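Coordinates in review
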Amino acid sequence: MKQMIVHCSQHMTRMALLEEGRLVEYAAERQEQQGLVGSYYKGRVMNVLPGMQAAFVDIGQKKNAFLYVDDVLHPHLEKQPKVKPSIDTLLRPGQEIVVQVRKEPRGNKGARVTTHYTLPGRWMVYMPFAEYVGVSKKIGRESERSRLKALGERLRKNEEGLIIRTVSEDEPPEAVEGDLSILRAQWKGIMRRAQKVEAPALLHSDLSIVQRFIRDTFDPLRDELLIDSQQAVREAETFLSEMAPDGYKPVERYTGNLSIFAAYGVEEQLERGFSRKITLDGGATLIWDEAEALTVIDVNTAQYTGGASLEETVTRTNLLAAEEIGRLIRLRDTGGIIVIDFIDMELEEHRKMVVGRLESIVGRDRTKTHILGWTRLGLLEMTRKKVRHDALEFSSRLCECCGGTGRTPLWKPGQG
């Protein structure tokens, strides 16, 4: 069973997802600054740079958005030319174009946008021009995959593409078809607005943080949703009634004296999960350091001595660490390149066990993750798609004294 715990304040909505009482996902959204990912804009091409195979598009934000040539070509790889054309043959300055945000702006970088349009629903993801049907890899039964694939092919029209989501497993065709009708109408509405407005203009915003998590991870009949705001409760129940017309567990309004996060142990788990040094059961530790596009995790036995031999102790430590790292990557929403320095193991069998344990945990993650394997130095490399701002940005701020280095200078400039 999962629990969604939602804390609403004047300036921010914070959401925690618990599985059997353990915190596995955390996200936050400022009231005045809803995330851009998934939103559609009518933009104007400002610059086309053949040397970068990219264009910059004005979508009405502080920074122009970045559009790479791959995101202008046909969304189906098999339909793309074998040799990429120069982007200046595809776009020109002043051209108006409908784009969708696929990556949040960060630092001095603007948002990354695409013309590979997607509209996620409860049962599927609708792609108006993709021309293929995909089925979630998390659906294991081949007979069910074949059924859903055939259903998608029957339902899609002309250039449409569909990705059937995991929650569609064993669902009747009527549910999937109803979802498709809603998404088609949504897409037509975006296109109608695009014809009426001048660029730059917002055409369609993605759902709020609570609605996104209900749509993507919530089982209306099994999971619990607890919110400490009456208005947010009403909004969640309205959304649930549309998404699950056959019924759902009532949304619970929290009215206790303690903060809802404190009452359900979320604050304590957040503090531990977002620390630089994390102590595992038994005394082993993780040291977690993050740069803009790279995260390095160091595993240490520290006080853990629970094995009959050194190799057994090291392997047990690494297995514990792999399980916790898999959970924390999802919790912290860590993206980009991830390098893990596990303790050296002598046997290849044990290295495979550690990778297998990590794969089993990250397999539950909705964000695309890829484990590349061991380097010659014995480091484990993996990547995770970076889409939204890291959860760390909503749970802490940079130290004004050290600027995030963890060290303060012994002297100030000009003091000699």
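Reference entry: report on the structure contained in this document.

What counts and how
Residues numbered from 1 in each chain as written. Predicted model: local features only at pLDDT ≥ 70, side-chain atom pairs only at ≥ 80, totals over all residues. Heavy atoms only, no water. Helix = DSSP H or I, 4+ residues; strand = E, 2+ residues; numbered from the N terminus. Buried < 20%, exposed > 50% of the residue type's maximum accessible area, 1.4 Å probe, protein only. Polar contact = N/O pair within 3.5 Å; in protein donor to acceptor, adjacent residues only side chain to side chain. Arc of directions from axis to C-beta. Contact = heavy atoms within 4.5 Å. Core = buried A, V, L, I, M, F, W, Y, C linked by side-chain atoms within 4.5 Å. Axes fitted to C-alpha atoms, helices over the stretch in contact; angles between N-to-C directions. Parallel < 35°, antiparallel > 145°, perpendicular 65-115°, else oblique. Left-handed = near helix turned anticlockwise from the far one by under 90°. Nonpolar A, V, L, I, M, F, W, Y, C, P; charged D, E, K, R; others polar. Salt bridge = Lys/Arg side-chain N within 4 Å of Asp/Glu carboxyl O. Phe/Tyr/Trp six-rings, centres within 6.5 Å; stacked < 30°, edge-to-face > 60°. Lys NZ or Arg CZ within 6 Å of the ring centre and 35° of its normal.

1. Things to note about the environment of lysine 249
You can see lysine 249 is positioned in the loop between α4 (230–243) and β15 (252–253). Classification of lysine 249 by relative accessible area gives partly exposed; the value is 30%. Sequence spacing of lysine 249 and lysine 385 is 136 residues, and the spatial spacing of their C-alpha atoms is 32 Å.

2. A look at the side chain of aspartate 206
You can see aspartate 206 is positioned in the loop between β13 (201–204) and α3 (209–217). Here the side chain of aspartate 206 touches arginine 215 through a polar contact of 3.5 Å, side chain to side chain.

3. Some words on unusual backbone geometry
Put simply, alanine 199 and proline 200 share a cis peptide bond, and its omega is -5°. Relative to the assigned elements, proline 200 resides in the loop between α2 (173–196) and β13. Of note in this structure, glutamate 20 is not a glycine but carries a positive phi near 50°. Looking at the element boundaries, glutamate 20 is found in the loop between β2 (12–19) and β3 (22–30). For glutamate 20, a relative accessible area of 66% corresponds to the exposed category. At glutamate 131, a residue that is not glycine, the phi angle is positive and equals roughly 60°. Here glutamate 131 is to be found in the loop between β10 (124–127) and β11 (133–135).

4. Details of helix α6 (residues 266–273)
Turning to α6, its buried residues number three or more, namely Val266, Leu270 and Gly273. Seen end-on, α6 carries its buried residues on one side only, within an arc spanning 75°. Facing away from the buried side of α6 by over 90 degrees, the exposed positions are Glu268 and Glu271. Each element contacted by the buried residues of α6 is listed here: β2, β3, α5 (260–263) and α7 (310–332).

5. Overview of the nonpolar core
Judged by nonpolar contacts, the single largest core of 41 residues is most densely connected at Leu286, Ile325, Ile340, Phe342 and Leu358. Excluding residues within four positions of it along the chain, isoleucine 340 makes contact with Ile297, Val299, Ile325, Leu358, Leu379, Leu380 and Met382. Ranked by size, the runner-up nonpolar core spans 24 residues in total, among them Tyr40, Tyr117, Trp123 and Leu151.

6. Focus: the packing of α7 against helix α8 (residues 348–362)
One way to put it is that α7 packs onto α8 with a least axis distance of 8 Å and a crossing angle of 20°. As summarised for this structure, α7 and α8 are arranged roughly parallel, according to the angle between their axes. By crossing handedness, the relation of α7 to α8 is classed as right-handed. Between α7 and α8, the contacting residues are Glu311, Thr315, Asn318, Leu319, Ala322, Glu323, Ile325, Gly326 and Arg327 on the first element and His350, Met353, Val354, Arg357, Leu358, Ile361 and Val362 on the second. By residue class, the composition of the contact of α7 with α8 is eight nonpolar, four polar and four charged.

7. Side note on the pattern of salt bridges
Following the criterion strictly, the structure yields 32 salt bridges and no others. The salt bridge involving glutamate 96 is made with lysine 42; its shortest N-O contact spans 3.3 Å. Note that glutamate 96 is positioned in strand β7 (residues 96–103) and lysine 42 in strand β4 (residues 40–49), a separation of 54 residues in sequence. Residue classification places glutamate 96 among the partly exposed residues on the basis of a relative accessible area of 37%. Its relative accessible area of 12% is what places lysine 42 among the buried residues. Its salt-bridge partner being arginine 327, residue glutamate 324 comes within 2.8 Å of it at the nearest N-O pair. Placement of the pair is glutamate 324 and arginine 327 together in helix α7, with a separation of three residues, close to one helical turn. Arginine 327 matches glutamate 324 in its accessibility class, with the two residues each being buried. A single salt-bridge network, built from bridges that share partners, covers Glu19, Glu25, Arg165, Asp206, Arg215, Asp216, Arg330 and Arg366.

8. Topic: the packing of aromatic side chains
The description of two aromatic rings rests on the distance between their centres and on the angle between their planes. Considering all chains together, one arrives at nine aromatic pairs under this definition. Ring centres of phenylalanine 56 and phenylalanine 66 lie 5.7 Å apart, and the angle between their planes is 70°; this geometry places the pair in the edge-to-face category. Note that phenylalanine 56 is positioned in strand β5 (residues 54–58) and phenylalanine 66 in strand β6 (residues 65–68), a separation of 10 residues in sequence. Here phenylalanine 56 falls in the partly exposed class, since its relative accessible area comes to 25%. Residue classification places phenylalanine 66 among the partly exposed positions, given a relative accessible area of 23%. When the ring centre of phenylalanine 213 is taken as origin, the NZ or CZ atom of arginine 366, which lies over that ring, is 5.2 Å away.

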